[in-house]
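# Architecture and fold: a report
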Amino acid sequence: METIVLDIGETLVRDDRHWASWANWLGVPPHTLSALVGAAVAQGREATDALRVLRPDMDVEEAYRARAAAGRGEHLDESDLYQDVRPALGELRAAGIRVVVAGNGSVRAAELLRGLDLPADMVVTSDEWGARKPDPAFFARVAEVAGAAPEATLYVGDHPAEDLFPAAAAGMRTAHLRRGPYGHWWAEHPDVVGTADFRIDALTELVGLVGSAARDAPDASPGEEDKMVRRGGLRSVR
């Protein structure tokens, strides 16, 4: 493994503030919106569908711009990061691994993330690239910036349909992170189990995986006793 690429939302960054701010904007209790997000996740739908349950005619992008214009746009600080982010990324770089942060997000989100000075070689979002996951064009850009062959690149994320399946389709190795609504709800789905090369509960496990991959590569095949490495399966949970 030469390069590890990490998703952003619910991989590095907690979505608590994001959904609480939307609830405040719409004038509903945070729990109401959280429950609707959970229902969308369980149905394999986009989380933003929860907003349209509350406001059926909502244009989410237009509402996003209205919030920003009202001074209630995106905010991100150290408290929004999961606690394992800095230790994990720091250990990976110390081990000689190229670390790239690339996920769906606005130009503003990229600026805020870069402002946190994460131990990463690159931080970029979909709006900066003009391609949004799960579009193959996004993963083509990931392959460009990875600086390594697809089989030597590991993409890490929580969302099966946006992270795991398209990264695998692009020839990359994948790690499914059991974190956030999508990560937990879909963790045992046969397509997820069958597709993920690795299944992890914390980013700090990545350093150990890099070492084990190096010991096992390139022609080793997993035995029945090895339940961490799986391949195959369908490409959608929807």
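A few points on the structure.

Conventions used here
- Residues numbered from 1 in each chain as written.
- Predicted model: local features only at pLDDT ≥ 70, side-chain atom pairs only at ≥ 80, totals over all residues.
- Heavy atoms only, no water.
- Buried < 20%, exposed > 50% of the residue type's maximum accessible area, 1.4 Å probe, protein only.
- Helix = DSSP H or I, 4+ residues; strand = E, 2+ residues; numbered from the N terminus.
- Pairing = 2+ DSSP bridges.
- Right-handed = clockwise from strand over helix to strand, strands pointing away.
- Core = buried A, V, L, I, M, F, W, Y, C linked by side-chain atoms within 4.5 Å.
- Axes fitted to C-alpha atoms, helices over the stretch in contact; angles between N-to-C directions.
- Expected span 1.5 Å × (residues − 1).
- Arc of directions from axis to C-beta.
- Contact = heavy atoms within 4.5 Å.
- Phe/Tyr/Trp six-rings, centres within 6.5 Å; stacked < 30°, edge-to-face > 60°.

Across the six residues of strand β2 (residues 98-103), five count as buried, placing the element largely inside the fold. Looking at chain direction, β2 and strand β3 (residues 122-125) are connected through four bridges and run parallel. Looking at the pairing, V101 lines up with V123 of β3. Handedness of the crossover is the feature at issue here: the chain leaves β2, passes through helix α6 (residues 107-115), returns alongside β3, and the resulting connection is right-handed.

What follows covers the nonpolar core. Note that soluble globular proteins tend to have their nonpolar side chains buried in a common cluster. Counting residues in each nonpolar core, the largest one holds 32 residues, and the members touching the most others are I4, L6, L12, L89, V156, L203 and L206. When residues of this core are traced back to their parent elements, those giving at least two are β1 (3-6), α5 (85-94), β2, α6, β4 (153-157), β5 (173-177), β6 (198-200) and α12 (206-216). When residues of this core are assigned to their parent elements, the largest contribution, four residues, is made by α5. Counting 20 residues, the second-largest nonpolar core is a separate cluster that includes L51, M58, V60 and A63.

If you trace the six strands from one edge of the open sheet to the other, you get β3-β2-β1-β4-β5-β6, paired in parallel fashion. Every other strand in the sheet has two partners, leaving β3 and β6 as the edge strands with one partner each. Ignoring strand direction, the axes of neighbouring strands in this sheet form an average angle of 20°. The sheet contact formed by β5 and β6 spans three bridges and is parallel.

What follows covers helix α2 (residues 30-42). For α2, with 13 residues, the first-to-last C-alpha span of 18 Å sits near the 18 Å given by 1.5 Å per residue. All buried positions along α2 are accounted for by L33, V37, A40 and V41. The buried residues of α2 occupy one face: seen down the axis, they fall within an arc of 100°. Buried positions along α2 lie against α1 (16-26), α3 (49-54) and α10 (180-185). Looking one or two residues beyond α2, the residue adopting positive phi is G44, at roughly 70°.

With an omega of 10°, the peptide bond between K133 and P134 qualifies as cis. Structurally, the position occupied by P134 is in the loop between α7 (126-129) and α8 (136-146). One non-glycine residue, E10, adopts positive backbone phi at about 60°. By secondary structure assignment, the location of E10 is in the loop between β1 and α1. Its identity as a non-glycine residue notwithstanding, D117 has a phi of 55°, on the positive side. Along the chain, D117 falls in the loop between α6 and β3.

In the structure shown here, the tally under the stated rule is three aromatic pairs. Centroid distance F138 to F139: 5.2 Å. Interplanar angle 70°. Geometry classified as edge-to-face. Judged by relative accessible area, F139 falls into the buried class, the value being 2%. Plain terms: the ring middles of F139 and Y155 are 5.3 Å apart, the flat faces sit at 70° to each other, and that makes the pair edge-to-face. With F139 in helix α8 and Y155 in strand β4, this residue pair connects regions lying 16 residues apart in the sequence.

Keep in mind that these numbers describe shape and distance, not what the molecule does.
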